[in-house]
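Chain and residue survey
Listed below are the residues making up each chain.
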Amino acid sequence: MRKVVVITGANSGIGLALCERLLSKDDQIHLCLACRNLQRAENARTALMTSHPSADIGIVQIDVGSIKSVLRGAKELRERYKRIDYLYLNAGIMPNPRISFKALITGLFSSKVISMFATGEGLLTQEDKVTEDGLQEVFETNIFGHFMLIREIEPVLCHADGPSQLIWTSSSNARRSAFSLTDYQHVNGQESYSSSKYAMDLLSVALNKHYNQQGMFSSVVCPGFVLTNLAYGILPQFIWMFIMPIMWLVRLLTNTFTLSPYNGAEALLWLFGRKVESLDSLVKYHSCTSGLGNNYVQSSKMDLEEESSDLFYQKILDLEKEVRKKTNP
Ligand SMILES: NC(=O)C1=CN([C@@H]2O[C@H](COP(=O)(O)OP(=O)(O)OC[C@H]3O[C@@H](n4cnc5c(N)ncnc54)[C@H](OP(=O)(O)O)[C@@H]3O)[C@@H](O)[C@H]2O)C=CC1
Ligand SMILES: CC(C)CCC[C@@H](C)[C@H]1CC[C@H]2C3=C(CC[C@]12C)[C@@]1(C)CCC(=O)C[C@@H]1CC3
């Protein structure tokens, strides 16, 4: 039977590169592009069909920043598929990013220069806003919408006849100090992206604890720094192209400058087909590119305590209840 692979945010960047690479690895899969914009999803399907003419590709409209859309999209997935083998939780935003050039210049002359390039720590702030659902946009898009999607399609993800995998696109920018259990949506602060990506680590650990016995396994990936629409929101594309030689030099310092979506998708692809017994819930998988341009996957321990993961899980379950009450009074 064909493996069913659903990917959110599949129409561009890392998501689209992952689709290309999955089809090259296994052309027998059924790929489902879960995107908010149908025209962009159609364009992506056309591009994928050009390189893989016999590919089996479906589309489902899901805006993970809208509860209504997630519920509608999830219903469609439940009706369409008996089982989903892989769910890549990849869609993500970093709205209104601002670089602190002062921090960048200071960082260049400090001992933290390598970690600054690897994680972007201290260099970026964002401006978040409240959605129609009354949630912080970055939290809802990057985390909560995806969580609701998982909960809604649980019946097709959890089965006795073989495991299913959840694979989150997190970030090296995920930082414990940007996250607070008392402000898990990051209402107060300007590092909503970093906070949401840290929350992803906490959630993945909790999901493993609650769902492994039901056959569902969750992993977290860091794709490195990749030049995609997300990066073009930080600096215009022509500037990135102009400083490309500098970025290749930075690659000599840190293997996290993967730069191309193809390279960034390395660890996401590596997890496809991996035996779930070999995965460690407390580990993140990093896409890495060497100075010579070779790709490989590296793992690192997550910076968290299981107790925080449990507490966050309880909070997200409470929020789910509240949101469901509002949606179906
Ligand atoms: N680029 C980088 O350096 C890094 C990126 N990441 C993560 O990788 C993931 C993919 O981003 P990347 O490929 O870089 O950037 P892109 O902007 O190219 O891709 C983001 C994808 O997410 C989709 N998306 C955004 N908001 C929503 C929404 N509300 N509902 C459904 N889909 C949505 C976008 O759709 P649309 O085209 O309609 O906007 C797009 O397909 C993100 O989670 C990002 O945080 C992690 C580490 C580094
Ligand atoms: C000369 C150039 C190399 C200078 C670029 C400086 C910064 C704009 C970048 C250095 C590290 C980058 C980075 C990200 C954004 C751009 C940088 C801060 C991310 C935060 C983008 C989104 C992520 O998920 C992680 C990235 C880490 C590295």
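Refer to the preceding data block for the structure.
We now turn to the structure provided with this report.

Rules used throughout
Residues numbered from 1 in each chain as written. Chains lettered and ligands numbered in written order. Predicted model: local features only at pLDDT ≥ 70, side-chain atom pairs only at ≥ 80, totals over all residues. Heavy atoms only, no water. Near = heavy atom within 4 Å. Polar contact = N/O pair within 3.5 Å; in protein donor to acceptor, adjacent residues only side chain to side chain. Areas by Shrake-Rupley, 256 points an atom, 1.4 Å probe, with all protein chains shown as cover. Helix = DSSP H or I, 4+ residues; strand = E, 2+ residues; numbered from the N terminus. Contact = heavy atoms within 4.5 Å. Nonpolar A, V, L, I, M, F, W, Y, C, P; charged D, E, K, R; others polar. Phe/Tyr/Trp six-rings, centres within 6.5 Å; stacked < 30°, edge-to-face > 60°. Lys NZ or Arg CZ within 6 Å of the ring centre and 35° of its normal. Buried < 20%, exposed > 50% of the residue type's maximum accessible area, 1.4 Å probe, protein only.

1. A few points about the site of ligand 2
Neighbouring ligand 2 are 21 residues, the closest being Phe117, Leu124, Ser171, Tyr193 and Ile234. In this structure, an oxygen atom belonging to ligand 2 sits 2.6 Å away from a side-chain N or O atom of Ser171. Note that an oxygen atom of ligand 2 is positioned 2.7 Å from one of the side-chain N or O atoms of Tyr193. Protein coverage of the free-state accessible area of ligand 2, which is 600 Å², stands at 93%.

2. Focus on the environment of Asp280
Counting through the fold element by element, Asp280 comes out in the loop between helix H13 (266-271) and strand E9 (283-289). Through-space distance from the C-alpha of Asp280 to that of Ile316 is 23 Å; in sequence the pair is 36 residues apart. Dropping the residues within four chain positions of it, Asp280 is found in contact with Tyr285 and Lys301.

3. Quick notes on the site of ligand 1
Among the 28 residues in the neighbourhood of ligand 1, the closest are listed as Arg36, Asp63, Asn90, Tyr193 and Thr228. Asn90 is positioned with one of its backbone polar atoms (N or O) 2.7 Å from an oxygen atom of ligand 1. One of the side-chain nitrogen or oxygen atoms of Lys197 is found 3.0 Å away from an oxygen atom of ligand 1. Its free accessible area being 880 Å², ligand 1 has 94% of it covered by the protein chains. For the shell around ligand 1, the secondary structure elements donating two or more residues are helix H1 (13-25), helix H8 (192-211) and helix H9 (229-232). Taken together, the residues of the shell around ligand 1 break down into 10 nonpolar, 14 polar and 4 charged.

4. Remarks on the packing of aromatic side chains
Overall, the coordinates contain 12 aromatic pairs when judged by the stated rule. Measuring from centroid to centroid gives 6.2 Å for Phe147 and Tyr313, while their planes differ by 85 degrees, and the two rings are edge-to-face. Taken together, the residues span a long stretch of sequence, with Phe147 in helix H6 (residues 137-152) and Tyr313 in helix H14 (residues 306-327) at a distance of 166 residues. Three or more aromatic residues link up through ring pairs in this structure, and these residues are Phe139, Phe144, Phe147, Phe179, Tyr184, Tyr198, Phe312 and Tyr313. Between the NZ or CZ atom of Arg274 and the centre of the ring of Trp270, over which it lies, the distance is 4.0 Å.

5. Side note on the environment of Lys326
Mapping Lys326 onto the fold places it in helix H14. Through-space distance from the C-alpha of Lys326 to that of Met94 is 27 Å; in sequence the pair is 232 residues apart.

6. Observations regarding unusual backbone geometry
The phi angle at His186 is positive, at roughly 60 degrees, despite the residue not being glycine. Among the structural elements, His186 can be located in the loop between strand E7 (164-169) and H8. Residue Leu259 is not a glycine yet carries a positive backbone phi of 65 degrees. Residue position: Leu259 is located in the loop between helix H11 (244-253) and helix H12 (261-264). Overall, the relative accessible area of 5% leaves Leu259 in the buried class.

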